[in-house]
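Reading the structure
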Amino acid sequence: MQPRARRLATEGRTLHVHKELFVGGRWVSPSTNDTIEVISPHNLETIGRVPAAGEADVDAAVAAARTSFDSGVWSRLPVDERISVIRRLHDLYVARLDEIVELQCHEIGSPITFSRAVTGPAPVLTLATFLDNAKRVPWEEIRPGVTGLDIIVRREAVGVVAIIVPWNAPQFTLIAKLAPALITGCSVVIKPSPETPLDSNIVAELTAEAGIPEGVVSVLPAGRDVGQYLVSHPGVDKVAFTGSTAAGRRIAAICGEQLKRCSLELGGKSAAIILEDADLAATAAGLEYASLANSGQACIAQTRILAPRSRYDETVEAVAAMMSAQVVGDPFDPNTQIGPMVSARQQQRVNGYIRLGEKEGARLVTGGAHPVTSQERGWYVRPTLFADVDNSMRIAREEIFGPVLVVIPYGDEAEAVRIANDSDYGLAGSVWTSDTDHGIDIGRQIRTGTFSVNQYWLDINAPFGGFKASGIGREMGIEGFNAYIEYKSIAPAPPLPA
């Protein structure tokens, strides 16, 4: 299938213009004349335009998904046949990976070096890992029953899935849901964020080219109101969502009232615990990725730095030196380490928290809510570090989602563990020490879904998700299939009496 976007050369740049929506595997005219303008957060120029889906488009997409699922055109195919189709999708995705990476940089403003190293390879690796793990799932097994008769235990697709993804890692979060949903046999309706709809339309093109049957996949760029309509739709069996905790609470409430399945990957306020024996130079260098990756726009960011009082000042100094050295600028410059915030609203939000931190009495060490003088345009924020922070302050408790870190002192390790766990969130965490085994022991005490020693990294072959307000359910690993499965037991009839 040929790309459906018109790429218009205008004033030295490419404009990606879509005039149709991908509904049930076909490109169709939208139900409204509303459009979404996609703006570069770096230079504030328009880089694309897509139709904004309306409620009628949701109805059409869900109806197509419902029909395709109930007919069995995809859901009742042998799993090996579905895997073969998704393997073609993987290969087609790889062939257009450079285009997808570049487009995400335009949409989000992520530094190109980070995108090529992380946000580009991650979806590919996720897709490949799910394909490998699908072979390990016992889709149908025989289990001995207590009566002496064998029971058939089947893993079947949950049905029609609404996939709602955020703007900060649109492809990674999409593929983490799309791959297991499709392999399991679900039909899906994807709602990308209005900030980043262009890359999802490429995925739409690839699903059709791979041979996924009509009706199985739809992509509906839209805002919050249409997203809520999709979540509430009676034809949707399950919602898979990544985004803010506030939105996740609303989705959970709707799904709970309708007894609809949901999985939620939400926010974080993760703690990096620096132990007394840590190499501070290496730790500060490691925190550059663990805390500031994607310009700090990451739910897994280690934004609370817990430092022992015995080494507090030198810890602040080391982290401040690392942050002060960050290169802020054009995301396509390979030297850039911190790009812009995705939107004016996000820039205002982050600067608002910086001003709040000063009002709360925290000490501003570097950065601040001042314009980035090297950038004439764009939604940029200065990398900002606060010291003398108490864990009760809002800058230590609320997710900021930008390049803002706080350093919190602790006395002994028991207090460090208590502070790390004293959070509404429980998504990620790390410990920095010269004793790896001791670091692992610390990790066992932290109430988070993922934890690392002397780094932060989530492994795609292991379950990912959060405790507490960081979400419900797990993605990745073989466990990632569970969110898209219903279990069915079939018992044979007992033998007739002689």
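Residues numbered from 1 in each chain as written. Predicted model: local features only at pLDDT ≥ 70, side-chain atom pairs only at ≥ 80, totals over all residues. Heavy atoms only, no water.

Structural notes on the overall build of the protein
Tallying secondary structure elements over the protein gives 15 helices and 24 strands in all. Whereas a compact globule of 498 residues would reach a radius of gyration of roughly 23 Å, the protein reaches 24 Å, a difference of no more than 12%. Along the first, second and third principal axes, the C-alpha atoms of the protein reach 80 × 70 × 40 Å. Burial analysis of the protein (498 residues in total) assigns 58% to the buried set. Summarising the internal contacts of the protein: among those between residues at least 6 apart in sequence, 72% fall at separations of at least 24. In the structure as shown, the protein presents an accessible area of about 20100 Å², 51% of it carried by carbon and sulfur atoms. For the protein, the separation between the mean place of its 46 positive charges and that of its 58 negative charges on side chains is 5 Å. (Helix = DSSP H or I, 4+ residues; strand = E, 2+ residues; numbered from the N terminus. Rg over C-alpha atoms; globule rule 2.2 N^0.38 Å. Buried < 20%, exposed > 50% of the residue type's maximum accessible area, 1.4 Å probe, protein only. Contact = heavy atoms within 4.5 Å. Areas by Shrake-Rupley, 256 points an atom, 1.4 Å probe, with all protein chains shown as cover. Lys, Arg positive; Asp, Glu negative; His and termini not counted. Charge placed at Lys NZ, Arg CZ, Asp CG, Glu CD.)

Points about helix α4 (residues 112-119)
Here α4 has its buried residues at Ile112, Phe114, Ser115, Val118 and Thr119. Down the axis, α4 shows its buried residues gathered within 155 degrees of arc, on one side only. Counted as exposed and oriented over 90 degrees from the buried face of α4: Arg116 and Ala117. Residues of α4 that are buried sit in contact with α3 (97-108), α5 (121-134) and α10 (280-292). (Arc of directions from axis to C-beta.)

Quick notes on the sheet that holds strand β15 (residues 304-308)
Read from one edge of the open sheet, 7 strands run β16-β17-β18-β15-β14-β20-β21, paired in mixed fashion. If you trace the sheet from one side to the other, it starts and ends with β16 (363-366) and β21 (452-453), each paired once. As defined by bridge partners, β15 adjoins strand β18 (residues 404-410) across 5 bridges and the pair is classed as parallel. Bridged to proline 308 within β18 is tyrosine 410. Taken strand by strand, helix α11 (residues 312-324) contacts β14 (271-274), β15, β16, β17 (384-387) and β18, and its axis lies near 170 degrees from that of β17. Helix α12 (residues 344-359) rests against β16, β17 and β18 of the sheet, and its axis sits at about 25 degrees to β17. (Pairing = 2+ DSSP bridges. Axes fitted to C-alpha atoms, helices over the stretch in contact; angles between N-to-C directions.)

Section: the environment of serine 470
Secondary-structure assignment places serine 470 in the loop between β22 (467-468) and β23 (471-472). Placed 73 residues apart in sequence, serine 470 and arginine 397 show a C-alpha to C-alpha distance of 13 Å. Discounting residues that sit within four places of it in the chain, serine 470 has contacts with Leu264, Glu265, Leu266, Gly267, Gly268, Tyr425, Gly426 and Leu427. At a separation of 2.9 Å, a polar atom in the side chain of serine 470 contacts the main-chain amide nitrogen of glycine 426. Of note is the side chain of serine 470, whose polar atom sits 3.2 Å from the backbone nitrogen of leucine 427. (Polar contact = N/O pair within 3.5 Å; in protein donor to acceptor, adjacent residues only side chain to side chain.)

Remarks on the pattern of salt bridges
With the rule as written, the count across this model stands at 20 salt bridges. Here lysine 177 ties to glutamate 475 by a salt bridge, and the two come within 2.8 Å at their closest N and O atoms. Linking lysine 177 in helix α6 (residues 170-184) with glutamate 475 in the loop between β23 and β24 (485-490), this pair joins segments that are 298 residues apart in sequence. Here lysine 177 matches glutamate 475 in class, with each residue buried. (Salt bridge = Lys/Arg side-chain N within 4 Å of Asp/Glu carboxyl O.)

Digging into unusual backbone geometry
Backbone geometry follows two general trends: most residues other than glycine have a negative phi, and most peptide bonds adopt the trans configuration. One non-glycine residue, leucine 44, lies in the positive phi region at around 65 degrees. Within the secondary structure layout, leucine 44 lies in the loop between β5 (35-39) and β6 (46-51). The class of leucine 44 is partly exposed, set by a relative accessible area of 32%. Residues other than glycine seldom take positive phi values, yet aspartate 388 does so here, at roughly 55 degrees. Take aspartate 388: it is sitting in the loop between β17 and α13 (394-397). A relative accessible area of 40% places aspartate 388 in the partly exposed class.

Observations regarding the state of the cysteines
Each disulfide consists of one covalent bond between the sulfur atoms belonging to two cysteines. The final tally for this structure, using the stated rule, is 0 disulfides. Cysteine 299 provides the cysteine sulfur closest to cysteine 105, a residue in no disulfide bond, and the two sulfurs are 18 Å apart. Look at cysteine 105 and you get buried, because its relative accessible area is 1%. (Disulfide = S-S within 2.5 Å.)

As for the UniProt feature "domain: Aldehyde dehydrogenase" (unreviewed entry) in the protein
UniProt records the feature "domain: Aldehyde dehydrogenase" (unreviewed entry) at residues 27-490, using the numbering of this structure. This span, residues 27-490, is 39% helix and 20% strand, and a straight line between its end C-alpha atoms measures 40 Å. (UniProt positions renumbered as here; feature names shortened; annotations may be inferred.)

Some details on the packing of helix α2 (residues 79-95) against α5
The geometry of α2 relative to α5 is characterised by a closest axis approach of 10 Å and an angle of 160 degrees between their N-to-C directions. As the angle between them shows, α2 and α5 are arranged roughly antiparallel. Relative to α5, α2 is oriented so that their crossing is left-handed. In this structure, α2 uses Ile83, Ile86, Arg87, Leu89, His90, Tyr93 and Val94 to contact α5, whose residues at the interface are Pro123, Val124, Leu127, Ala128, Leu131, Asp132 and Ala134. Residues that form the contact of α2 with α5 fall into these classes: 11 nonpolar, 1 polar and 2 charged. (Parallel < 35°, antiparallel > 145°, perpendicular 65-115°, else oblique. Left-handed = near helix turned anticlockwise from the far one by under 90°. Nonpolar A, V, L, I, M, F, W, Y, C, P; charged D, E, K, R; others polar.)

Thoughts on the nonpolar core
Residues Ile86, Leu178, Leu182, Ile183, Val188 and Val239 are the most contacted members of the largest nonpolar core, which totals 82 residues. Among all residues touching isoleucine 86, those that are not within four sequence positions of it are Trp74, Leu127, Leu131, Leu182, Ile183 and Ile212. In this structure, Ile274, Leu287, Ile338 and Ala428 belong to the second largest nonpolar core, which totals 44 residues. (Core = buried A, V, L, I, M, F, W, Y, C linked by side-chain atoms within 4.5 Å.)

Observations concerning α3
In this model, α3 (12 residues) spans 16 Å end to end at C-alpha, consistent with the 16 Å of a helix rising 1.5 Å per residue. Looking at α3, one finds that the buried residues are Leu97, Ile100, Val101, Leu103, Gln104, Cys105, Glu107 and Ile108. Within two residues after α3, glycine 109 carries a phi angle of roughly 90 degrees, on the positive side. (Expected span 1.5 Å × (residues − 1).)

Brief notes about the sheet that holds strand β8 (residues 150-157)
Taking strand neighbours across the sheet as the criterion, the 3 strands line up as β7-β8-β24 in an open arrangement whose pairing is antiparallel. The two strands at the open ends of the sheet, each matched to only one other strand, are β7 (140-144) and β24. The average undirected angle you get between the axes of adjacent strands in this sheet is 25 degrees. Note: β7 against β8, 5 bridges, orientation antiparallel. Each residue of the ladder has a partner; that of proline 144, found in β8, is aspartate 150.

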